[in-house]
Every structure is written in structure tokens, then in C-alpha cells.
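Notes for the structure review
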Amino acid sequence: SDSESGSEDSSLSDSELQEAFSKGLLKPGLNVVLEEQPKRRNDTDGLKLCLSEFRQQLAWVERLDVTLGQVADPVSQSASDKDAVDPENDFQREMSFYRQAQAAVLEALPRLHKLQVPTRRPDDYFAEMAKSDQQMQKIRQKLKSKQEAMERSEKAKQLRAMRKYGKKVQTEILQKRQKEKKNMLNAVKKYQKGLSDKLDFLDEEQTSTQGNKKGSANQRIKKGPNAKRRYKNQKFGFGGKKKGSKWNTKESFNDVSSFRPKVAHNKGPGKAGKGGKKALNKRPGKRTRQKMKNRAR
């Protein structure tokens, strides 16, 4: 047959080419592939014949075919010309498809309503899912595990950032303390060598050590003194200068308005006579005091 003869010719030609290649007879440029442009033709009669062969005379509701042009442009209120659409312009091309589909819908919907064909899905419509419940459960578990992993990663990232910040603050505090200690030692050395006669570094040290206690002291002051402190304040006063507080001044020496001559030197009423002074500081005798002690025991 023709197919067998053609296959034999192709096998012979392949063997001849292999043999020539093994002998080194084939060189670059000897074999040139000639590309021929395919011949195009518009066989209208043949297409009509094929169409008449598979055409079936069915009702439109069975075919649902609509062939229309583009719908009128709402801006220009006229159907756009198909020749005006640039095929290289993606936006114009897609808009022409959209308007053509829109025109088909506007034509087909009234015809379907006229034939009493429902075009909307009912509210109680039930459609079985393409994937089973087990597969969807696996997908949910996978999404949940992925979300949990992302949350853990974000939490770990925040903890690392907090640790890093805390370590940075701690390092700055240590560096500050070392610097203050170094400055104080340098000031002490200068004072020992006689290069400086100032002791300001001691005040700075005291203020730095007392700085941490400032907040608690303020809290205590805000809360107010306790009962013990209030009693001592009432008994001894609130501090201030004590030495020389009872010394006379020129004004107090000249002020004799509070002098009472009748009660001065224990000479008041009922205290006149020899026993007046003794009566003021009368002390029981030794025997009486002993009896009082024994009685108390």
C-alpha cells in the first residue's frame, strides 16, 4: 500500500542520513529547510455543505442561540461600529465583547420570560458541593494550622523585640553606672593629689543613691504621717531651729505685760508665810516612800 511504501522510503532516507553522518559527509549548510507558506482559501460552499449536514431543526428554547451586534453606547446613544474597534487595544476589545454580551442578554431575557422559563435561582435551591465534607475539613484544619503558625511566629517576633529592647536598656544603664563610677574615682584621685579641693562628687553620689527612694518617699508624704509621727510632731514640734530659741531679745526683755507681782516668787494667795515655798515642793519622807514601794509590790 501507499502508507507502507511511504514508511519504507522514510526509513531508507533516515538510514542513508545516519550513514552519511557517520562518514562525515554531512556538513553545516548542506541541509536547508524550505518553509512554504500554507495556502489559505475561503471555501464558502464547503462550509455551507457541512452546516447543512449537522443542522437540526430544533426550537429556540432548545438551542438558546443569539446572534447580535453590540449594544448602543450610553454615551453616544449609538451602536459602535465594529470597524472602529482597534483589535490591538485590549480595553476597546474587551468592551466590545461586554457590549455584545449585554445586547444578547437584553434580547434573550424577554424571550425566556415569554416562554415561562425561570431565569433566577430559587431561594431554596440546594446544590451539592464538588468537594466532600472530609476534604473541606482537611482544608479548614490546614488553614487553621497555618494561621496558628503565623500567630506563634508573630508572638515570637514580638518577644524577641522586647528582649532586644530590654537588653539595650540594661546595657545603657550599666554603661551609665560605669561612667559615673569612673568619674567619681577620677575626682577622688584629683582630691587626694591636691589637684582639686571640691567634694561635689560626694553630693552627686548621695543624690544618685537617693534617687531610687524618691518615688516611695513621695508616696509616703502623699499618704500622710502615721500616728506615731503625728504624736511626736505634737509633742516636740516640727523641727527648725532649737538652739537659742528661748533667749531673750530686746523686745521681750522690755515687755513686762505678763508679769504678775502677786504670784511671783511663790507669794500668791495661800502660799504666804514660811511654809509657802516648802508646800509647793513637798516631798514625802523616806519611810513613807518605802511603804509606798512595798504596797505597790
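Residues numbered from 1 in each chain as written. Predicted model: local features only at pLDDT ≥ 70, side-chain atom pairs only at ≥ 80, totals over all residues. Heavy atoms only, no water.

Thoughts on the overall build of the protein
Within the protein, the regular secondary structure consists of 11 helices and two strands. For the protein, the sequential pattern of α-helices and β-strands runs α-α-α-β-β-α-α-α-α-α-α-α-α. Split into buried and exposed, the 297 residues of the protein put 5% on the buried side. Sequence-distant contacts in the protein: of pairs separated by 6 or more residues, those separated by 24 or more amount to 44%. (Helix = DSSP H or I, 4+ residues; strand = E, 2+ residues; numbered from the N terminus. Buried < 20%, exposed > 50% of the residue type's maximum accessible area, 1.4 Å probe, protein only. Contact = heavy atoms within 4.5 Å.)

Some points on unusual backbone geometry
You will see that Leu-64, though not glycine, has its phi angle at about 55°, which is positive. Backbone geometry places Gln-116, a non-glycine residue, at a positive phi of 60°. Within the secondary structure layout, Gln-116 lies in the loop between α4 (90–114) and α5 (133–193).

Examining α4
In an α-helix there are 3.6 residues to a turn, and that puts residues three or four apart on one side. An ideal rise of 1.5 Å per residue puts 36 Å on 25 residues; α4 measures up with 37 Å between its terminal C-alpha atoms. One side-chain oxygen of the residue at the start of α4 lies 3.2 Å from the amide nitrogen of Phe-91, identifying that residue as Asn-89. (Expected span 1.5 Å × (residues − 1). Polar contact = N/O pair within 3.5 Å; in protein donor to acceptor, adjacent residues only side chain to side chain.)

A few points about helix α8 (residues 227–236)
Among the 10 residues that make up α8, one are buried, leaving the element largely open to the surroundings. Positive phi appears at Gly-237, one or two residues downstream of α8, with a value of about 95°.

Description of the pattern of salt bridges
Within this structure, the stated rule accounts for three salt bridges. In this structure, Glu-19 and Lys-23 form a salt bridge, with 3.4 Å as the shortest nitrogen-oxygen distance. With Glu-19 and Lys-23 both in helix α1 (residues 2–23) and four residues apart, this pair spans about one turn of that helix. (Salt bridge = Lys/Arg side-chain N within 4 Å of Asp/Glu carboxyl O.)

A short note on a positive patch on the surface
On the surface, a cluster of positive charge is made up of Arg-283, Lys-286, Arg-289, Lys-293 and Arg-297. Looking at the element boundaries, Lys-286 is found in helix α11 (residues 286–296). Using a relative accessible area of 68% as the deciding quantity, one classes Lys-286 as exposed. (Patch = residues over 30% accessible without salt bridge, like charges linked within 9 Å, V, L, I, M, F, W, Y side chains within 5 Å. Areas by Shrake-Rupley, 256 points an atom, 1.4 Å probe, with all protein chains shown as cover. Lys, Arg positive; Asp, Glu negative; His and termini not counted. Charge placed at Lys NZ, Arg CZ, Asp CG, Glu CD.)

Quick look at the side chain of Ser-96
Following the sequence through the fold, Ser-96 ends up in helix α4. Residue classification places Ser-96 among the buried positions, given a relative accessible area of 8%.

Some details on the confidence of the model for the protein
Chain-level statistics for the protein give a pLDDT mean of 78 and a share of 73% at 70 or above. Mean pLDDT values for the elements of the protein range from 51 in helix α10 (residues 275–280) up to 91 in α4. (pLDDT = per-residue confidence, 0-100.)

Regarding a nonpolar patch on the surface
Nonpolar side chains collect at one region of the surface, where Val-61, Leu-64 and Leu-115 lie side by side and expose about 250 Å² of accessible area between them. Given a relative accessible area of 49%, Leu-64 falls into the partly exposed group.

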